[in-house]
Every structure is written in C-alpha cells, then in structure tokens.
Amino acid sequence: MRRHSLQHDSEGRLHHLLTIEGLKRQQIVDILDTAESFISVGDRQVRKVPLLRGKTVVNLFFEASTRTLTTFELAAKRLSADVLKININTSATVKGESLLDMLHNLEAMQCDMFVVRHADSGAAHLIARHVAPHVSVINAGDGSHAHPTQALLDMFTIRRWKGEFAPLTVAIVGDIKHSRVARSLIHALTTLGVSALRVVAPKTLIPAAVESLGVHVVHDLDAGLRGADVVIMLRLQKERMQGAMLPSEAEYFSTYGLTEEKLALAKPDAIVMHPGPINRGVEIASSVADGAQSVILEQVSNGIAVRMAVMSMTLGRAPAEGEGA
Amino acid sequence: MRRHSLQHDSEGRLHHLLTIEGLKRQQIVDILDTAESFISVGDRQVRKVPLLRGKTVVNLFFEASTRTLTTFELAAKRLSADVLKININTSATVKGESLLDMLHNLEAMQCDMFVVRHADSGAAHLIARHVAPHVSVINAGDGSHAHPTQALLDMFTIRRWKGEFAPLTVAIVGDIKHSRVARSLIHALTTLGVSALRVVAPKTLIPAAVESLGVHVVHDLDAGLRGADVVIMLRLQKERMQGAMLPSEAEYFSTYGLTEEKLALAKPDAIVMHPGPINRGVEIASSVADGAQSVILEQVSNGIAVRMAVMSMTLGRAPAEGEGA
Amino acid sequence: MRRHSLQHDSEGRLHHLLTIEGLKRQQIVDILDTAESFISVGDRQVRKVPLLRGKTVVNLFFEASTRTLTTFELAAKRLSADVLKININTSATVKGESLLDMLHNLEAMQCDMFVVRHADSGAAHLIARHVAPHVSVINAGDGSHAHPTQALLDMFTIRRWKGEFAPLTVAIVGDIKHSRVARSLIHALTTLGVSALRVVAPKTLIPAAVESLGVHVVHDLDAGLRGADVVIMLRLQKERMQGAMLPSEAEYFSTYGLTEEKLALAKPDAIVMHPGPINRGVEIASSVADGAQSVILEQVSNGIAVRMAVMSMTLGRAPAEGEGA
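1. Some thoughts on the overall build of chain A
Now for step 1: Within chain A, the secondary structure is distributed over twelve helices and nine strands.
Now for step 2: Counting across all 325 residues of chain A, residues that qualify as buried make up 54%.

Below is the structure:
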C-alpha cells in the first residue's frame, strides 16, 4: 500500500517514479503522450527545451551503467537542467558519511531530482521516503525489483508500432527471475490490458507465483513465440545467477536464443525488442538483433523522450497543498 | 606579508581567495552582502544568473571531496560558467607533465579560475604565485592551513541568525590542531570582532601558541559551552592524527561529544554548526545534529551563495592598471 | 583510396576529420581561416557562440589524455554543444557490449559527433565506416597513425607567425617513427608547400621509406636545425619504444635535445613548437621551452580555435544528396 502511494502527491499526481505498480492506466498513457510531444517530425527530437532551466538533476548511480546513465543525462540536458554526476566511489561515503546525510546535503544544495540506480531492491523507495518534499526521485533500476522508465519506453515503442494494446500477444523471453525489467514490463503490459502475456523461460529462471500477476508461463520457446505480436528478449544476467542454474551459453542459445527460424513462428509483422546491452549469440542471434523486425535501437531513442517526459512531469508539478517548497 | 597581499590586486580588490588572513573587515562584509544577493525570498536561491557566462572554471581537486567539489560546481553553473573537472589521477601528470605545465596549459585554454584543493598546506598559494594575471585562484582547502570559503559561509550563517558579531560568544570544539577550518574560522571571527572566542579541545588537539590569535583555550567542554551563542563542532580528522594522540572514539565522545545535555549549557537560542561531513556519535550526537538548534544543512545551502559571491567578485573585477588581460 | 574519400561527403565537403592525407590545400586553408574567425581582437577567443546549440558531442577516449580531451571539451562547450564524456572503463563494454553496439546506441540517442582517441591505428576510420550518415567522427589520435587536429593547429600557429608556407624551412625533430603527430605534420606541410621539410632523428626513430613523403632525412641535429624557420620538437614516446632502441635519456638529450646553443643554429626569428606534454631535459631544455622563441602555449590556445573550426565545419554541413538525416 505504502509503496504504491509513495510516488503520488496528495492530489494523485506523479511525484516520484519508483515502480510501475500502482500507476493507473491513464497515468501511463499521459506519460506516453507527453513523450510523444518530445519527438518531432521525422523522429528527430526537439533537442533543447527550457522546461527545467535552473533545475538541478543528480545522477546517483551505485551500479555501473552506460546506456541508462547517458540517456538520463541527455534527457536532463535537453530539458536545460544542470546535471550532476556524483562519483559514488570517491564520494564522502568514503569518509564515513552515511547515504542519508549525503542526500540531505544534496537537498540543501537545492538539487531537485535524484535519479537512482542501486544493486539493492528497494533503494529508490528508501530514498524517496526520506527526501525533502521538493525533491523527486526516479528509480533507474533497483536490484531485481523494478526499472520503470525501461518499461515505459518499451510501452512507448510498442504503441508507436502497434497502436492499441488490447489485441496484442506479447512474449517476454529469458531470465524473468532476476530481471527488474521483466517485473516492470509485466505490470505495465497488464495495466495497459494486453490480451495475452507470456513469460518464456526454463523453470529455474521463472520466479515463484508469477502467474498471479496475470501472465502465462511457457517453458517451450516455440510455443511462446507462436502468433506473438511483440517479442521482448531479456539480457541473460550472467552475473546474477548461481553457477548450477544454467547449462552452457551455447546450450541456452540453442534452447532459448532467438534465431530467424524461431522468429518466423511469431506473426509476420512481430517486432523484436531488447532492453540492452545485448549478448549476441547468447539470448539473441546477431541476424535478428540487426534484422528488419528489430526495434532495439528505436527503444534507445525513445528512452530519451520518455525520460524527458517523466522528468518534466514530476518536476513540473505545482506543489500540492501541505507540501513544502 | 607576501601571503597577505598575494590575494589582492594593486587596487586592493580581491583577485584570489587563498586565506582569511589579510582580509579587512569590510572586505568580508562585502562578500557576505554579495552572497545575500544570491539568496532570494523564502531562502531559495536565484538559480541561474548570467554573471560568468563564457567564463571557464576549473576544479582542481587533488584530494577526494564530494560536498565542497559539488557546491563549487553548482555555484559556477548557477553563474552560467562552463565548468571543467580535471581528473587528476588520469591526467597528464601520469605522462610526466609537471603541475605547473598543466596549469599553464589550462591558462592557454583561456580558463579563468582554478578552484584548488590539495593535501599540502600552501598549494593554492604556490599556484596563485605562478598563474597568469587574468586567472583567479580559490583555495578550497589546503592541508591543515586554510579553508576560507568554509569560514565565510559560516560567517554568513552566523550573521543570518545572530545579526551582529560583536556581542557573541563563540565556541569552536574539537580537533583545532589539524583543522584548516578552525584556522580560517579564528581569523574570520576575530576580524569580525566577536567578544569572546573559545577553542575547546584536549591539549593534544590544540596547536602551539594559538592564544596569540586572540582565542581562549578551554579544555573542559562544559566550561567551553557555558553561555555560548554559537557552537561550532569540528570533524574529528581521524586520518590526520597519530595513533597515540587520542583514546577511543567512545571515550572522545563522552568527553568532547556534543549531546543534548551538554548543549543545554549554552544559551537557549544557541546555534550548532559543523562543516561536515559529520561523524555521528563521535563528535556530535545524532539528536543534536538533527535537532532544532542545528543549522548544519543551512550551512550547506549558504555555501553555494557564498561561493557564487566569491567567484563573481574575483572574476568580475575590471583589471587593475598594469595587469595583463 | 577509400581512406582518403571516407572523410568527404558526395559534394567534397568535410564530413569526418580522420587524417590530413587526402585534404586539398584549399580545404586546409578554409579550416585555418574559419579558426581565425574564432580568435578575436587581442588573441582572446569569442568564448561562446551558438553554432552547435542542441548538438551533442561525445568524447570517446580509449587512451588517457588531459590536454586533447580538455580542448575538445572546451571547444564543444564554446560552440554551445552538449558534451558527453563516456567513461570507457566503467562503460557497457564491461558487460560484454561490443564497441559497435555502443556506438549505435549513442547514435540512437541522437549524438551528432564522436571524438575518438584510441591506441590502435585505424580506430577512427573503423568507426567512421560504421556510423550513421548524420554522425561526424573526429580523429583525436589513433595509435601511431594520425592526429590531424594537432597538425592543423600547428599549421595555424605557423601561419600566424610566418604568413606564407612556401618559403619556409621546417625541421621536425625526434621520435618520427612512433609519432602520429609527425605523420600528420608531414602531410600538412607538404600539402601547404613548404620549400624544405627535414625530419631529424637517429636511424632507429625514422620510419621506413619516409623520403617518399617528400622529406629530407637528417641524422645530425646541427645540420637539421641550420637555417630553419620552424623547429617542431616531438615528445619522446618512451612508452612506445622497445628497450634497446635508445640509449639513456641523458644521452638522447645530449645528442637530440634542443638547447639554447643548438637553437642558435636556426634562423634568429625561428619559432619552437612542441605538441606537448613536454619532457623537460629529455627532448627540450626548460630554458628553450619557456624561452622567447617558444610558441608552445600558443599552440594550446590555437588548438581550441582550430577544433571549434573543425567541429562547426563538419557538423554545420547541409546534408548532401543521398545522405540520410
């Protein structure tokens, strides 16, 4: 309960973006519509808008990242915000300052937004519970829990290609169990009302009780792909898995890797997505990743527009009654 | 002599800010007044002013720092300057280039200001003696010598709470001996004419002949706090001390740690300050650091306004006769 | 063949800057003239022009660098571009993402320019062959192959001091064999038509068949310097050389080091140049590096104007027929 309401202000507007859980359908649609406004004619983005001029966005990345960090930095700069990248390793935590003291210091410096990536599930929620009322927190990935902006940019990409969500059959293939992307995707897709949502993986990579979220569990890749409109491949999170859980990469690829042959089982106009970075020859063949049905690089482009939308919507709110400034 | 005049131009205006020593009372007041202009109604800063547009500020931090580095970066950005953060470890010094060659190269790139933090006392002075006439140097902390912007932001904070300096009793508590903050504070407070200035510490943490600076040395915390208007706690610089100088942290806390009980000895409206980062339970109890009399986070906020003031005053000078451009 | 045309678009305009080879004389002169426009009265640069506002420049430095990285960053900022510095070590390559996947991701983020430094010869060419049509690539140094912006800023510096190239005698002294700067300089100086170009080094530091490029090989420093208008000293790339190739640094200095005594053999108004960082007492005496004939720091200043010129010329092109946007 607390988790779901934490990200809204007293008038129900988005204050933080921590997780897809608890977002209403209309709220997701509003974000996608706002993102659309940041894409101009011919798929080129309006590069510089003054919406967040004078605001300060802080990237707090406790986990290595290039793609996500860079897109958040670019999104903030294209909104004309000042961007701080805190180098966590050489930071004051070395001197024994606690995380919360660091956050309170950044707040005192009139920072307006914390974009947080952390290896621990719940880190962004923890931070959101402790920040000053004028600060917004964006979860850029916490452990195996959530990665809401990734899910939103995926929804944006699907909508651009497919229009309506209701008639779609979507297959999410790969390491569902350790993937924060999968968790956020499932919540987004069910909220938007896709007619069939399949998660496709070996038993060891399926989390317990995942059916309760409204998905069909499929262990056979062929069955999972058959008739799908959208195929979302997940990165094999090698570093998160125990040694004995999986056979070799080659064996995984032969069973769950997406090849052109396998993709032919999906609808002819199916799109192939991947949150990146891709492991070529592990979960996806290069010919598919670079092929005509792949929208993987469009996802990256769309990520900037979606992050601009989320940043401008959370920071652009007029403060609700009872909130400090 | 040289040291005191090095930071002024031939017309007596501030060219570098290296140390509080040698600043006249009026010059300190001018800085505080300028900083005040950067704080707008409701304690929110004017976030973006074009005063240093087109100027380039270089942060040269040879010592790890988050808070000070970040506030200088934010101050420069809010003045619309371009900011360079030179990564000292991966810099050309690795290739055998000397520090002065690096500085002259940065000057040749039309950099306008060096903000310097270094573990060696006198580093900022050394640099100031060698830079081109158009470059200003700000000392962001050199060894155990000086940290003038910290002292100025503390003066700013005291003035906002207490108005006049003359009637005040101020207690500086902790590791006076190894603290560049303490040294700068003592010069600032005596120049501004506080009626009583006490330094409170065990004998091993009091520098030789400190009384000659106009302070009262007190070894008993109760006596040091009694009747104080302002209590400034210093960070216990563990890494700077010899092994045998101090007992355990717990014993230090029981003797010199600021608890609610101890604070009750000061005036009822006394304010508690700390330059950060704080060691909770070592020099200060969490209940005091987070308590109603603490202005620690205000110091951080004020630090940005004060650094904006120093940067704009030193870089905004019209060049004096005989100075190159 | 391919290499020479890769950097031009179908209308012969500069699209990438990869190497001096293949640039026509007029094209080099155009770059120098454009750079001149970025230098204002009194040798101060126009600090901020809006030419690349809304463009994103990515610095991809796979090799440590301070000077070159910093001047490219400053040049981009003074053109009002947004600048990304990708930390290659902590980047997605760690997660197994290939270089080309990283580039395609950056393209998808609407990045407009890659400034590339890499230890492998040909790296910038490889990248230029694979980028999207709207992206420009600038070679900021690849292995021992080329460093074209360094050569251009050197031409700019020579032209400012000497006017015409045709009558000049130029001596390049030092480690010709391992120097990308030397290779680019030779192409630039012969294209601009200097009357005499000498390379001066021991046999072990002269590349095979260098005479075919139109230079005179001289092994004796005195003979090499005699009557020269321009003396360009190269950094002794210690790290690139095999152990047995050279005697001690002291012996090298006594044979090939530029001292005041040696410099007296050149014309009285000869200028001394060095791409930096200099090894004082190895290839050049401090008294010469800091002396009246040295223009080493001017080279650094000019580097910003020249890089601004190259960036604005390659990115400012209207797309040629058949190029995507």
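Next comes the rest of the account.
2. Considering the pairing of strand E3 (residues 113–118) of chain C
Residue and element names in this part refer to chain C.
Now for step 1: Summarising burial for E3: six of the six residues are buried, a large majority.
Now for step 2: Burial along E3 is two-sided: Met-113, Val-115 and Arg-117 facing one way and Phe-114, Val-116 and His-118 facing the other are all buried.
Now for step 3: The pairing of strand E1 (residues 56–61) with E3 spans five bridges and is parallel. When the sheet's bridge partners are listed, Val-58 is paired in E3 with Phe-114.
Now for step 4: Sheet topology note: the E3/strand E4 (residues 136–142) ladder contains five bridges and is parallel.

3. Focus: the packing of helix H2 (residues 25–37) of chain A against helix H6 (residues 148–162) of chain A
Residues and elements named next belong to chain A.
Now for step 1: The contact between H2 and H6 brings their axes to 10 Å, and the two run at 70°. Taken together, H2 and H6 sit at an angle that is classed as roughly perpendicular. Contacts between H2 and H6 involve Ile-28, Ile-31, Leu-32 and Ala-35 from the former and Leu-152, Met-155, Phe-156 and Arg-159 from the latter.
Now for step 2: In terms of residue class, the contact of H2 with H6 is made up of seven nonpolar, no polar and one charged.

4. Let's talk about the environment of His274(A)
All names here are of chain A.
Now for step 1: Residue position: His-274 is located in the loop between strand E9 (271–273) and helix H11 (286–289).
Now for step 2: Sequence separation between His-274 and Leu-60 is 214 residues, and the spatial gap between their C-alpha atoms is 24 Å.
Now for step 3: Setting aside residues no more than four positions away along its own chain, His-274 makes contact with Met-233, Ile-284, Ala-289 and Ile-296.

5. Examining the environment of Gly316(A)
Residues and elements named next belong to chain A.
Now for step 1: By the element assignment, Gly-316 lies in the segment after helix H12 (296–315).
Now for step 2: A tally of 14 C-beta atoms within 10 Å means that Gly-316 is categorised as partly exposed.
Now for step 3: In the structure, Gly-316 is positioned 286 residues away from Asp-30 in sequence and 14 Å away in space, judged by C-alpha atoms.

6. What about the sheet that holds strand E7 (residues 216–218) of chain C?
All names here are of chain C.
Now for step 1: With parallel pairing, the five strands of this open sheet are ordered in space as E7-E6-E5-E8-E9. A single partner strand is all that each edge strand has here, and the edge strands are E7 and strand E9 (271–273). For this sheet the average axis-to-axis angle between neighbouring strands, irrespective of direction, equals 20°.
Now for step 2: Examined bridge by bridge, strand E8 (residues 230–233) and E9 share three bridges and lie parallel to one another. Looking across to E9, one finds that Ile-232 is bridged to Met-273.

7. What about the sheet that holds strand E6 (residues 196–200) of chain B?
All names here are of chain B.
Now for step 1: Pairing in this open sheet of five strands is parallel, and the strands run E7-E6-E5-E8-E9 from one edge to the other. What marks the edges here is a single partner per strand, and that holds for strand E7 (216–218) and strand E9 (271–273). Averaged over neighbouring strand pairs, the angle between their axes works out to 20° when direction is ignored.
Now for step 2: Pairing between strand E5 (residues 169–173) and E6: five bridges, direction parallel. Bridge assignment links Thr-169 to a residue of E6, and that residue is Ala-196.

8. Some details on unusual backbone geometry
Now for step 1: Of the consecutive residues Gly276(A) and Pro277(A), the connecting peptide bond is found in the cis state with omega at -15°.
Now for step 2: Position of Pro277(A) among the secondary structure elements: in the loop between E9 and H11.
Now for step 3: Within the chain, Ser80(B) stands out as a residue other than glycine whose phi angle is a positive 70°.
Now for step 4: Here Ser80(B) lies in the loop between helix H3 (67–78) and strand E2 (82–85).
Now for step 5: A tally of 15 C-beta atoms within 10 Å means that Ser80(B) is categorised as partly exposed.
Now for step 6: A positive phi is found at Ala209(C), a non-glycine position, where the angle reads about 60°.
Now for step 7: Along the chain, the position of Ala209(C) falls in the loop between strand E6 (196–200) and E7.
Now for step 8: Given 7 C-beta atoms within 10 Å, Ala209(C) falls into the exposed group.

9. Thoughts on the environment of Val49(C)
Residues and elements named next belong to chain C.
Now for step 1: Secondary-structure assignment places Val-49 in the loop between helix H2 (25–37) and E1.
Now for step 2: C-beta crowding within 10 Å serves as the criterion here: with 16 such atoms nearby, Val-49 is assigned to the partly exposed category.
Now for step 3: Sequence-wise, Val-49 and Ala-76 are 27 residues apart; in three dimensions their C-alpha atoms are separated by 10.0 Å.

10. Quick notes on the pairing of strand E6 (residues 196–200) of chain A
All names here are of chain A.
Now for step 1: The element E6 is largely enclosed, with a buried count of four among its five residues.
Now for step 2: Between strand E5 (residues 169–173) and its parallel partner E6, the chain crosses via helix H7 (residues 180–191), and the hand of that crossover is right-handed.
Now for step 3: Judged from the three bridges that link them, E6 and strand E7 (residues 216–218) form a sheet pairing that is parallel. The partner of Arg-198 across the bridge, within E7, is His-216.

11. What to know about the domain arrangement of chain A
Residue and element names in this part refer to chain A.
Now for step 1: Split into domains, chain A comes out as domain 1 (2–145 + 301–315) and domain 2 (148–300).
Now for step 2: Just the C-alpha atoms count here: the centres of domain 1 and domain 2 sit 25 Å apart.
Now for step 3: Where the side of domain 1 that touches domain 2 is concerned, the elements lending two or more residues are H2, strand E4 (136–142) and H12.
Now for step 4: Looking at the side of domain 1 that touches domain 2 element by element, the count peaks at six residues for H12.
Now for step 5: By residue class, the composition of the side of domain 1 that touches domain 2 is twelve nonpolar, nine polar and five charged.

12. A look at the confidence of the model for chain A
Residue and element names in this part refer to chain A.
Now for step 1: Of all residues in chain A, 89% have pLDDT values of 70 or greater, and the mean over the chain is 89.
Now for step 2: Every residue in residues 90–95 scores below 50 in pLDDT, and together they form 14 contacts with partners more than four places removed in sequence or on other chains.
Now for step 3: The low-confidence segment residues 321–325 (pLDDT under 50) makes ten contacts with residues lying over four places distant or belonging to another chain.
Now for step 4: Our summary of model confidence lists the complex with pTM equal to 0.91 and ipTM equal to 0.89.

13. Re helix H7 (residues 180–191) of chain C
Residue and element names in this part refer to chain C.
Now for step 1: Spanning twelve residues, H7 covers 17 Å between terminal C-alpha atoms, matching the ideal 16 Å at 1.5 Å per step.
Now for step 2: Extensive coverage of H7 is indicated by the burial of eleven of its twelve residues.
Now for step 3: For H7, the complete set of buried residues consists of Arg-180, Val-181, Ala-182, Arg-183, Ser-184, Leu-185, Ile-186, His-187, Ala-188, Leu-189 and Thr-191.
Now for step 4: Summarising the contacts, the buried residues of H7 are in contact with H2, E4, helix H6 (148–162), strand E5 (169–173), E6 and E8.
Now for step 5: Gly-193, located one to two residues past H7, shows a positive phi value of around 85°.

About the criteria used
Residues numbered from 1 in each chain as written. Chains lettered and ligands numbered in written order. Predicted model: local features only at pLDDT ≥ 70, side-chain atom pairs only at ≥ 80, totals over all residues. Helix = DSSP H or I, 4+ residues; strand = E, 2+ residues; numbered from the N terminus. Buried ≥ 20, exposed ≤ 12 C-beta atoms within 10 Å, placed from the backbone. Pairing = 2+ DSSP bridges. Axes fitted to C-alpha atoms, helices over the stretch in contact; angles between N-to-C directions. Parallel < 35°, antiparallel > 145°, perpendicular 65-115°, else oblique. Contact = placed C-beta atoms within 7 Å. Nonpolar A, V, L, I, M, F, W, Y, C, P; charged D, E, K, R; others polar. Right-handed = clockwise from strand over helix to strand, strands pointing away. Domains from an automatic or database assignment. pLDDT = per-residue confidence, 0-100. Expected span 1.5 Å × (residues − 1).

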